[in-house]
Amino acid sequence: MKLPDFQLPGFTRRDPREAARRDAGRRDGARPSGNRPRSRASFNLRGRLLLVGGALGLCSFALLGRALDLQVIEKEFYQQQGAARFLREIPIATSRGMITDRNGEPLAVSSPVESIWANPQELLKSPARLPQLADALGMDRDELQRRLSQRADKEFVYLKRRINPDEARRILALEIPGVASQREYRRFYPQGEALAHVLGFTNVDDRGQEGLELAFDDWLRGTPGAKRVIRDRRGRIVENVDLVRAAQPGRDLALSIDRRIQYLAHRELRTAITETGASSGSAVVLDVATGEVLAMVNLPTFNPNSVGTSPRDAHRNRAITDLFEPGSTMKPLTVAAGLEAGVITPASMFNTNPGWIPNGRYRTTDTHNYGVLDTTGVIRKSSNVGAAMIVHRLGDRQFYDFVRRFGYGERTGSGFPGESAGVFPAPDRWDGTSKQTMSYGYALSVTPLQIATAYAALGNGGVLNAPSFIKGQHGASHRALDPGIAREVLRMMQTVTEPGGTATRAAILGYHVAGKTGTSRKASAGGYSRRYIGYFAGLVPVDKPRFSMVVVVNDPDPSRKGYTGGSVSAPTFRNVMEGALRLMDVSPDNLDTWLAAQAEAEAKRLKASGRGVPARATAATAPAPATRALQ
Amino acid sequence: MNRYVILAVLLVANVATALLIVRGRHEHRLAFIALNRLDKARDELNIEFGRLQLEQATWAESNRVDQVARARLGMVFPRTEDIVVLRR
């Protein structure tokens, strides 16, 4: 009973209604008892309790009502709001598939890096920490401020992408609110510039931009997964709630490229370009039986690990995108066309006197007057006049259809992005001189890959395989030529690398090499300039060709090592093929020359040492190197 | 009487299933956490493997091998006269 009494004074003083009521009560009670203080009995306990209880009841009812409102009526809305603040669906990063060479050596590998991001709404609430963050990021303070202000209404902004995980950990250790990191992947190319053009590169989002990275982007790229997590206000993950979608890692890709041959080709081409002072060059090595690309190199090249700094010009895969007039490398096709049509035989004789024949207003000339040549001689000496005489016996359509069958004038089907089809117009668009100039490789343009493909068809018994960059995956193939004629032409091409041919420097000890040099003058405004392209295209070993290789050296400086295909390109061919034959364990088909060369070396050594070394001693030391040679 | 038994059974069943749901969700959460941990472990191993492959490829880079063989180990390519051909 003490409590109401105790509370009363303050109550009365404040509430006029209560005072009035009490006054009324006092008056009621005061009338009989006069001026006496009011008695405790007149104190209306029941009414007050009811009042308090009612007020409390109302309060709890209001609370209940509010609870009902929150939990039942507006539940959806509040749950959404809550989820929007803390529940996040975050992507699960996945790595891009690895690219390997044909032996499983890694050529492109994705490695994780961290990207620092921030929630500007959170971060801008603590501006005092910004300078510290800017310093940690190595960023200009004003720039950071500007970047955040621009995106103040957003919830995500990258601060620094693709940094070393250790560095990211250091930045996160500052515990600046709203700053978090995210795993991403970066592509590394251990082979560097040797393979840059074939592989291409990816952009900052790990999407293929050029080369095979672009062509097989869908295959290599994984599908990022998603998971639902609860995040606190610093962006840290408090709890993983659920897996929305499992991440699908990218698939690996095994290329047909052989890393060792690729490197060899790159090194030798670089040497050739440096020695001849050429502006650019390309080399392509194909596997004859399958059409697989074993090596494809271009110079100038770039470092795919830091693409930004290299000139755009160096990014082009010239072996596939650039067009050249094939020059004399065309002649084996011209001869094959003649043989197939039956207008010439291997024994046909051509009188190339006086070293030129007219072609409309122009002339077709040879470098020397070769006099009377047989069909083999036309190829061995690379006689333009001879080729012109052969093509004269063929119909326009006949010649055109034949060359088309070797893939000139259409894409090879390699699937490489940006591949050129070449320029090989149909006969109705030829002018009077076209056919004759085409017979020795002018007035049409092809890519180095097209030459390599056509030559591979000659080496493959006349069956042309579409080149492929993927191990074990072969494109369409069709018969382009009768196997007997292909064999015949190959034997003629063999004479090119033998004494008396134009490319003795392409000869490989122990192997027969079939090839053809080419030297084409570069077309410039209104005619042909005194600038050249040196080719060598060939097949080894003639017995059962394994490799088809084309070397193109563009614009060599004639004052250094000359400009003909036989002097600028043939040595590269020899060096690369020699190594490739050894690497791929191709058995020699011309042991006799090897034995002869060995006997000669032996004799020289005997003469140098001045006394006879017993034959048995040489035999004893022989086995180790000999097995290597025969392998 | 019968009605009360049914009611009681239903009530008990209701409570039991509710508890089972709670347990199920809890187990799901635990399992998901375990899955995440294993995923992370797998990823870490994959990453480590990738890094090692990269490192291996960098060491085995042809240009480097070529230079080490020639310069540091003094190796040369066998010349024609160094190779002996045997006929079998």
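Residues numbered from 1 in each chain as written. Chains lettered and ligands numbered in written order. Predicted model: local features only at pLDDT ≥ 70, side-chain atom pairs only at ≥ 80, totals over all residues.

**Topic: the interface of chain A and chain B**
Many analyses report the size of an interface as the accessible area lost when the parts associate. Each partner contributes residues to the interface: chain A has 28 residues there, and chain B has 21 residues. Counting only elements with at least two residues in the side of chain A that touches chain B, the list comes to strand 3 (106-118), strand 7 (237-245), helix 12 (259-276), helix 24 (591-609) and helix 26 (623-630) of chain A. Ranked by the residues each element gives to the side of chain A that touches chain B, the list is headed by helix 24 of chain A, at 7 residues. Across the side of chain A that touches chain B, the residue classes tally to 18 nonpolar, 5 polar and 5 charged. (Contact = placed C-beta atoms within 7 Å. Helix = DSSP H or I, 4+ residues; strand = E, 2+ residues; numbered from the N terminus. Nonpolar A, V, L, I, M, F, W, Y, C, P; charged D, E, K, R; others polar.)

**What to know about the domain arrangement of chain A**
Residue and element names in this part refer to chain A. What the domain assignment lists for chain A is domain 1 (88-254), domain 2 (259-589) and domain 3 (593-630). Inter-centroid distance (C-alpha atoms) of domain 1 to domain 2 is 46 Å. Facing the 22 residues of domain 1 at the interface are 20 residues of domain 2. In the side of domain 1 that touches domain 2, the residues fall into 13 nonpolar, 4 polar and 5 charged. (Domains from an automatic or database assignment.)

**Details of the environment of A:Val489**
If you trace the backbone, A:Val489 turns up in helix 20 (residues 483-494). When near neighbours in sequence (up to four residues on either side) are disregarded, A:Val489 contacts A:Pro332, A:Val335, A:Ala336 and A:Leu458.

**Points about the sheet that holds strand 10 (residues 293-299) of chain A**
Residues and elements named next belong to chain A. Read across the open sheet, the 5 strands follow the order 10-9-19-18-17; overall the sheet is antiparallel. Across the chains shown, the open sheet's two edge strands, defined by having one partner strand only, are strand 10 and strand 17 (514-524). The sheet shows a mean angle of 10 degrees between the axes of neighbouring strands, taken without regard to direction. One ladder, built from 10 bridges, connects strand 17 with strand 18 (residues 527-540); its direction is antiparallel. Bridge pairing links Arg521 to Tyr532 in strand 18. Here helix 12 sits on the sheet and contacts strand 9 (280-287), strand 10 and strand 19 (547-554); the angle it forms with strand 10, its principal contact strand, is near 30 degrees. Across the sheet, helix 20 is in contact with strand 17 and strand 18; its angle to strand 17 comes to roughly 80 degrees. (Pairing = 2+ DSSP bridges. Axes fitted to C-alpha atoms, helices over the stretch in contact; angles between N-to-C directions.)

**Quick word on the confidence of the model for chain B**
On average, chain B scores 87 in pLDDT, and the residues at 70 or more come to 100%. This complex was scored by the predictor with a pTM of 0.76 and an ipTM of 0.73. (pLDDT = per-residue confidence, 0-100.)

**Side note on the confidence of the model for chain A**
Residues and elements named next belong to chain A. Looking at chain A, pLDDT values average 84 and 89% of them are 70 or higher. Long-range and interchain partners of residues 1-14, a stretch whose pLDDT sits below 50, account for 6 contacts in this model, where long-range means more than four residues apart. In the predicted structure, residues 29-34 sits below a pLDDT of 50 and forms 3 contacts with residues beyond four places in sequence or in another chain.

**Here we look at the nonpolar core**
Residue and element names in this part refer to chain A. Ranked by size, the top nonpolar core spans 119 residues in total, and within it Ala283, Val284, Val285, Ala452, Met549 and Val550 carry the most contacts. The dominant element in this core, judged by the number of residues it contributes, is helix 19 (residues 448-459), at 8 residues. Shared between two domains, this core holds at least three residues of each, these being domain 1 (88-254) and domain 2 (259-589). If we skip the residues at most four places from it in the chain, Val285 touches Ile261, Ala265, Leu294, Ala295, Phe547, Met549, Val576 and Ala580. Counting 12 residues, the second largest nonpolar core, distinct from the first, contains Ile116, Leu148, Leu159 and Ile163. (Core = buried A, V, L, I, M, F, W, Y, C linked by C-beta atoms within 7 Å. Buried ≥ 20, exposed ≤ 12 C-beta atoms within 10 Å, placed from the backbone.)

**A look at unusual backbone geometry**
Residue and element names in this part refer to chain A. Omega for the peptide link from Leu299 to Pro300 comes to 0 degrees, which places this bond in the cis form. Relative to the helices and strands, Pro300 resides in the loop between strand 10 and helix 13 (318-321). Of the consecutive residues Asn353 and Pro354, the connecting peptide bond is found in the cis state with omega at 0 degrees. Take Pro354: it is sitting in the loop between strand 11 (349-351) and strand 12 (356-359). At Arg162, a residue that is not glycine, the phi angle is positive and equals roughly 55 degrees. The topology assignment puts Arg162 in strand 4 (residues 157-163). Taking the C-beta count within 10 Å as the criterion, Arg162 has 16 such neighbours and is therefore assigned partly exposed. With a phi close to 60 degrees, Asp555 is a non-glycine residue in the positive phi region. Within the secondary structure, Asp555 sits in the loop between strand 19 and helix 21 (558-561). C-beta crowding within 10 Å serves as the criterion here: with 18 such atoms nearby, Asp555 is assigned to the partly exposed category.

**With respect to helix 23 (residues 570-583) of chain A**
Residue and element names in this part refer to chain A. End to end, helix 23 covers 20 Å across 14 residues, agreeing with the expected 20 Å (1.5 Å per residue, within 8%). Within the sequence span of helix 23, burial applies to Ala570, Pro571, Thr572, Phe573, Arg574, Asn575, Val576, Met577 and Ala580. Those residues of helix 23 hidden inside the fold are in contact with helix 12, strand 9, strand 17, strand 18, strand 19 and helix 22 (565-568). (Expected span 1.5 Å × (residues − 1).)

**Description of helix 4 (residues 75-86) of chain A**
An α-helical segment advances 3.6 residues per turn. Residues three or four places apart therefore align on the same side. For helix 4 of chain A, spanning 12 residues, the distance from its first C-alpha to its last is 17 Å, which sits close to the expected 16 Å at 1.5 Å a residue. Burial of helix 4 of chain A is sparse: only 0 of the 12 residues sit out of reach of the surface.

**Some words on the packing of helix 14 (residues 331-341) of chain A against helix 20 of chain A**
Residues and elements named next belong to chain A. In contact at an axis separation of 10 Å, helix 14 and helix 20 are set at 140 degrees when each is read in the N-to-C sense. When the axis of helix 14 is compared with that of helix 20, the two are oblique. The element helix 14 and its partner helix 20 pack so that their crossing is right-handed. Residues Pro332, Val335, Ala336, Leu339 and Glu340 of helix 14 form the contact with helix 20, whose own contacting residues are Ile485, Glu488, Val489, Met492 and Met493. Its residues assigned to classes, the contact of helix 14 with helix 20 shows 8 nonpolar, no polar and 2 charged. (Parallel < 35°, antiparallel > 145°, perpendicular 65-115°, else oblique. Left-handed = near helix turned anticlockwise from the far one by under 90°.)

**Thoughts on the packing of helix 6 (residues 130-137) of chain A against helix 7 (residues 141-150) of chain A**
All names here are of chain A. Look at helix 6 against helix 7: their axes get within 9 Å of each other, and the N-to-C directions meet at 110 degrees. In terms of orientation, helix 6 lies roughly perpendicular with respect to helix 7. You can see that helix 6 and helix 7 cross each other, and the crossing is right-handed. Residues Leu130, Pro131, Leu133 and Ala134 of helix 6 lie in contact with helix 7, whose contacting residues are Arg141, Leu144 and Gln145. Classifying every residue of the contact of helix 6 with helix 7 gives 5 nonpolar, 1 polar and 1 charged.

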